[in-house]
Amino acid sequence: MSVKGMWKQLLPLAVGLGLQQVNIEELGLLIPIRVAYAAVQIAVLATFGIVYTRVKKSEDKTVVHVPAETQFGQEIKPATSMPTCEYDMSQLMKLVQQTAIQGLMTSLMHFQWGYLFPLAIQVVMGPISALDQPIVQIYVFGREAVGDLKRPFPAPNPFGLPQTPAQPPTQKELKREAKEAKKEAAKAESSKKDGAKDD
């Protein structure tokens, strides 16, 4: 495991140990932590907004071969190919959705049950996690999409373990995708001709 990965795993533990040593409410830090949490959420969403505008302006039509998504050994989404700008937008929307769900769950745990730990962890880990995303690295920091930032991006491991790199599509998959693309193009062409005949 890299030093960077170890650091990101030890930071929440350090925050947790720190929270156990002090009484936040007695020190009058509850409101500042809530404000910091709200500010972090707004900053993360603003960062995603910057990425959104830059992806929209992008005209990169390079094809990205996205491998099939599997969950518990079942294929939930088949392998596909799409332009880079479309792939980047889909990855951004996944990030926004994850951030929104995480924010709602954290807020619910805090305001409904009084848990402070998730709120404090998100104040620290929210920006680190957001800025570490490949799409943010590419569109905000201007890094090249090579190495760890090469598309398709590896799916994050929920346990923070290193990921095996995604396998490139096989020749058989590429041929099948090409056939499907030709069928779709022929279908679209025939529907255009049918529409022209009806006029």
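Within any chain, residue numbers begin from 1 and follow the written order of that chain's sequence. Note on the predicted model: pLDDT of at least 70 is required for a residue's local features to be given, and 80 or more for side-chain atom pairs to be given and counted; whole-chain, interface and lining totals, by contrast, use all residues. Computation of side-chain values: all heavy atoms of the structure, hydrogens and water removed.

The subject of this paragraph is the overall build of the protein. A helix here means a DSSP run of H or I that spans at least four residues, while a strand means a run of E at least two residues long, and both kinds are numbered starting from the N terminus. Secondary structure assignment for the protein yields seven helices and four strands. N-terminal to C-terminal, the α/β element order of the protein is α-α-α-β-β-β-β-α-α-α-α. With a 1.4 Å probe rolled over the protein chains alone, any residue whose accessible area is under 20% of its type maximum counts as buried; one over 50% counts as exposed, and the rest are partly exposed. Here the protein holds 199 residues, and the buried ones make up 27% of them. By sequence separation, contacts in the protein at least 24 residues apart represent 63% of the contacts at least 6 residues apart. Here, two residues are considered to be in contact whenever any of their heavy atoms come within 4.5 Å of each other.

Turning next to the nonpolar core. What is meant by a nonpolar core is a set of buried Ala, Val, Leu, Ile, Met, Phe, Trp, Tyr and Cys residues, joined one to another through side-chain atoms within 4.5 Å. Ranked by internal contacts, the top residues of the largest apolar core, which has 19 residues, are Phe48, Val51, Tyr87, Leu92, Ile135 and Tyr139. Of all the secondary structure elements, the ones that give two or more residues to this core are helix H3 (30–57), strand S1 (63–66), helix H4 (84–113) and helix H6 (134–139). No other element matches the five residues that H3 contributes to this core. Those residues in contact with Val51, other than ones at most four positions away along the chain, are Leu92, Ile135, Val136, Tyr139 and Val140. Judged by nonpolar contacts, the second largest core, of twelve residues, contains Leu11, Val15, Tyr37 and Leu119.

Let's shift gears to the packing of H3 against H4. Two elements in contact, H3 and H4, have axes whose closest approach is 10 Å; the angle formed by their N-to-C orientations is 170°. Between H3 and H4, the crossing angle belongs to the class labelled roughly antiparallel. H3 and H4 meet at a crossing whose hand is left-handed. Basically, the charged four are Asp, Glu, Lys and Arg, the nonpolar ten are Ala, Val, Leu, Ile, Met, Phe, Trp, Tyr, Cys and Pro, and anything else, Gly included, counts as polar. Split by residue class, the contact of H3 with H4 holds 15 nonpolar, seven polar and three charged. Each axis is a line fitted through C-alpha atoms, and for a helix only the stretch in contact is used; angles between axes span 0 to 180 degrees, taken between their N-to-C directions. The cut-offs work like this: below 35 degrees is roughly parallel, past 145 is roughly antiparallel, 65 to 115 is roughly perpendicular, and the gaps in between are oblique. Left-handed describes a crossing whose near helix is turned anticlockwise from the far helix through less than a right angle; right-handed describes the clockwise counterpart.

Moving on, we come to the pattern of salt bridges. The salt bridge criterion pairs a side-chain nitrogen of Lys or Arg with a carboxyl oxygen of Asp or Glu, the two atoms within 4 Å. Tallied over the full model, the rule gives two salt bridges. When the shortest N-O distance is used, the salt bridge between Arg151 and Asp88 registers 2.7 Å. Taken together, the residues Arg151 in the loop between H6 and helix H7 (171–198) and Asp88 in helix H4 connect sequence positions 63 residues apart. Arg151 gets classed as buried once you look at its relative accessible area, which sits at 19%. Residue Asp88 is classed as buried on the basis of its relative accessible area, which comes to 0%.

In this section: a nonpolar patch on the surface. A cluster of nonpolar side chains, contributed by Ile101, Met105, Leu108, Trp113 and Tyr115, occupies part of the molecular surface with about 540 Å² of accessible area. The topology assignment puts Met105 in helix H4. Under the relative-accessibility criterion, Met105 is labelled partly exposed at 45%. Each patch groups residues whose relative accessible area exceeds 30% and which form no salt bridge, using 9 Å between like charges and 5 Å between nonpolar side chains of Val, Leu, Ile, Met, Phe, Trp and Tyr. With residues, only the protein chains shown are counted as cover, and all accessible areas are computed by Shrake-Rupley using a 1.4 Å probe.

With that settled, consider helix H5 (residues 117–131). Multiply 1.5 Å by the residue count of a helix minus one, and that product is the helix's expected span. End to end, H5 covers 22 Å across 15 residues, agreeing with the expected 21 Å (1.5 Å per residue, within 8%). Residues of H5 that are buried include every one of Pro118, Leu119, Ala120, Ile121, Gln122, Met125, Gly126 and Ala130, and no others.

Two residues of an α-helix separated by three or four positions point the same way, owing to the 3.6 residues in each turn. Here H4 is 30 residues long and its end C-alpha atoms lie 43 Å apart, about the 44 Å a rise of 1.5 Å per residue gives. Every buried residue of H4 is accounted for by Thr84, Cys85, Tyr87, Asp88, Met89, Gln91, Leu92, Leu95, Thr99, Gly103, Thr106 and His110. Packed against the buried residues of H4 are H3, S1, strand S4 (80–83), H5 and H6.

Our focus in this paragraph is the environment of Ala36. With respect to the helices, strands and loops of the structure, Ala36 is situated in helix H3. With a relative accessible area of 27%, Ala36 lands in the partly exposed category. For Ala36 and Gln122, which are 86 residues apart along the polypeptide, the C-alpha to C-alpha distance reads 9.5 Å.

Once that is clear, we can look at the side chain of His110. Looking at the secondary structure, you find His110 in helix H4. Apart from residues lying up to four places away in sequence, His110 is in contact with Leu30, Arg34, Tyr115, Leu116 and Leu119.

Note on charges: Lys and Arg go in the positive column, Asp and Glu in the negative column, and His and the chain ends are not counted at all. Charge positions come from single atoms, namely NZ of Lys, CZ of Arg, CG of Asp or CD of Glu. On the surface, Lys175, Lys179, Lys183 and Lys187 cluster together into a patch of positive charge. Its place among the elements puts Lys175 in helix H7. When its relative accessible area of 59% is taken as the criterion, Lys175 is described as exposed.

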